Amino acid sequence: MELHELNKKVEEVREHIKNKSLDKALNMMNIIIKDKENAENKMVILEMGQIYLASENFSDSKIWFKKVLDIDEDNVYAIRAMLRVLCNLEDYDEVGLYAKKIISYKEKFKNDVSDLINFLFRKLFKYKESDDQYNINKIVKILEICKECIEDCKLKNILTNELEILNKEFVLKSKPRVLIISMTSKCNIRCKMCKVPLNHWDFPNDKLHEIYHLFPTLQKVIWHGGEPFLYQGIDDLIAEAGKYNVNQVVSTNGLLLNEERIKKVINNGMELNISIHGLTEQIYELIHCGGNFKQLINNLEIIKNIQKSSNVYIKYGLKFLVMKSNYRQLSDLYDFVIKYGFNHVHVNTLGHDSISEENFIYHNDDSDILKNVIKNSKILSEKFKKADISYEAWLPEFENVSGICEYQNRNERKEQKFCCYMPWQSLQIDIGGFVRNNCNCENLIVGNINEEKIDDIWNNDKIVQIRKNIINNGFDEKCALDCKNGRISNLYLKNM
């Protein structure tokens, strides 16, 4: 077959692959390779590998890509494809060999190194969940190979941190990956279960440079309050974090949003979470004292319209805190979410540290309410799954639903080693400058930004001791009951 004719046939095969017509592509190739000369053509062999790869027949695709590399060991397309095949086959010994190869040609394979590392992280989390130490060790070796060639400081920090967690190190060279900041205690409403506005605090201006210093290596920042949009410098902080591609989340009551601010949030790809604890005017304004339900609904309509016209996807969440006042509205949550275009829903309850008449779990136990909440949550979970809407519910589990609730592991729990990675990955700066690792770590204050630099807090004696206790005992003795009794999922505690 003449070369120009062969090229034409191969182009047709590629079109079939592109259109997912894999049987047609394979039939054409089988005809082409009947010619012995064609069967030894590198381009033809490569295309056979691509067909099997597209059909997810990884074993056969490996055979064909190996043939290409026997002819041309530096073939970029075959190396890239072989790496993908080996990853899917979970052949980590050979993945390691090809990792060395793409690193040696890192200018050609710059994006492939990043893709490989991201793939390995996903697999790593999977193996950590199943405690598959054999594959964990294999992946760690490959990550060690990749580490030296990474120039991006954010990616390098992630990799350093993952290796520190796996090696159970107490003093870290990596910097925090997640920062949760309460920027101000000010709020435009007074929710009946919230005590934050009783304080008087703004994040100090002379400490802002320490936040800016973290942006280059930071993966995620969560802006909290009070109401974060009442902090005078919030727009500058959002803009600066955006320059470093930090994933930003803003948690707000939504009442101060306007068209300009909503566009800024959407155009910057930020995650927007709105706390709404009442789905009707009566219940909403009962819980959100001073809130205006009509204003909220107006803002939700604006967000919905801007999202539709901009055609930009953002994670847009509704946070619903279940209490005695609103638990009956849980059954109406699905319709509300669909109507206003949310794509993520988080349902939570008041924790052990919240002493309130609204707390139907820990301080005013009411098994009937809890059974009702769990029943409706399961129904919601199925509905949201069908609608492709993410649904998280942090609810207690109990061993039976008759009589008095028996919370799973409430007083006794199975000992689990290394149950939480928060002290290795995140810092939360609260009202007053107090620092802990997460909103659940109420009793684990590790410092105060008014007394220490954030960098110093990250490896001070208190946080190092907490890391040791978690590794040795599963949890620190002061860890939250919500975490110990299983209300907070392992996925949240261990995976970013």
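Residues numbered from 1 in each chain as written. Predicted model: local features only at pLDDT ≥ 70, side-chain atom pairs only at ≥ 80, totals over all residues. Heavy atoms only, no water.

Counted by the stated rule, this structure contains 8 aromatic pairs. Judged by centre distance (6.0 Å) and plane angle (75°), the ring pair of tryptophan 201 and phenylalanine 203 falls under edge-to-face. For the pair tryptophan 201 and phenylalanine 203, a shared accessibility class is recorded, and that class is buried. Plain terms: the ring middles of tyrosine 212 and phenylalanine 215 are 5.7 Å apart, the flat faces sit at 80° to each other, and that makes the pair edge-to-face. Owing to a relative accessible area of 0%, phenylalanine 215 belongs among the buried residues under this scheme. Each residue in the set Tyr334, Phe384 and Tyr391 is aromatic and connected to the rest through ring pairs, giving one cluster. Geometry around tryptophan 458 places arginine 467 over its ring, the cationic atom sitting 4.9 Å from the centre. (Phe/Tyr/Trp six-rings, centres within 6.5 Å; stacked < 30°, edge-to-face > 60°. Buried < 20%, exposed > 50% of the residue type's maximum accessible area, 1.4 Å probe, protein only. Lys NZ or Arg CZ within 6 Å of the ring centre and 35° of its normal.)

With that out of the way, let us pick up empty space enclosed by the protein. Inspection of every chain in the model, using the stated rule, returns 1 cavity of 30 Å³ or more. Empty space within the largest cavity amounts to approximately 110 Å³. In this structure, the largest cavity is lined by 15 residues; those nearest its centre are Cys420, Cys441, Leu444, Cys479 and Cys483. Put simply, the parts of the chain that give the lining of the largest cavity at least two residues each are α18 (422-425) and α20 (461-473). (1 Å grid on protein atoms, 1.4 Å probe; cavity = no way out; pocket = protein on both sides within 12 Å on 5 of 7 lines; lining within 4 Å. Points joined across faces, edges and corners; volume = space filled by probe spheres on them. Helix = DSSP H or I, 4+ residues; strand = E, 2+ residues; numbered from the N terminus.)

Now for the layout of surface pockets. Of the pockets and cavities examined, the second largest pocket occupies roughly 550 Å³. If you trace the second largest pocket, you find 20 residues lining it, with Val113, Ser114, Asn118, Asp152 and Leu155 closest to the centre. Of all the secondary structure elements, the ones that give two or more residues to the lining of the second largest pocket are α8 (110-129) and α10 (153-166). The element contributing the most residues to the lining of the second largest pocket is α8, with 8 residues. For the lining of the second largest pocket, the class distribution of residues is 8 nonpolar, 4 polar and 8 charged. (Nonpolar A, V, L, I, M, F, W, Y, C, P; charged D, E, K, R; others polar.)

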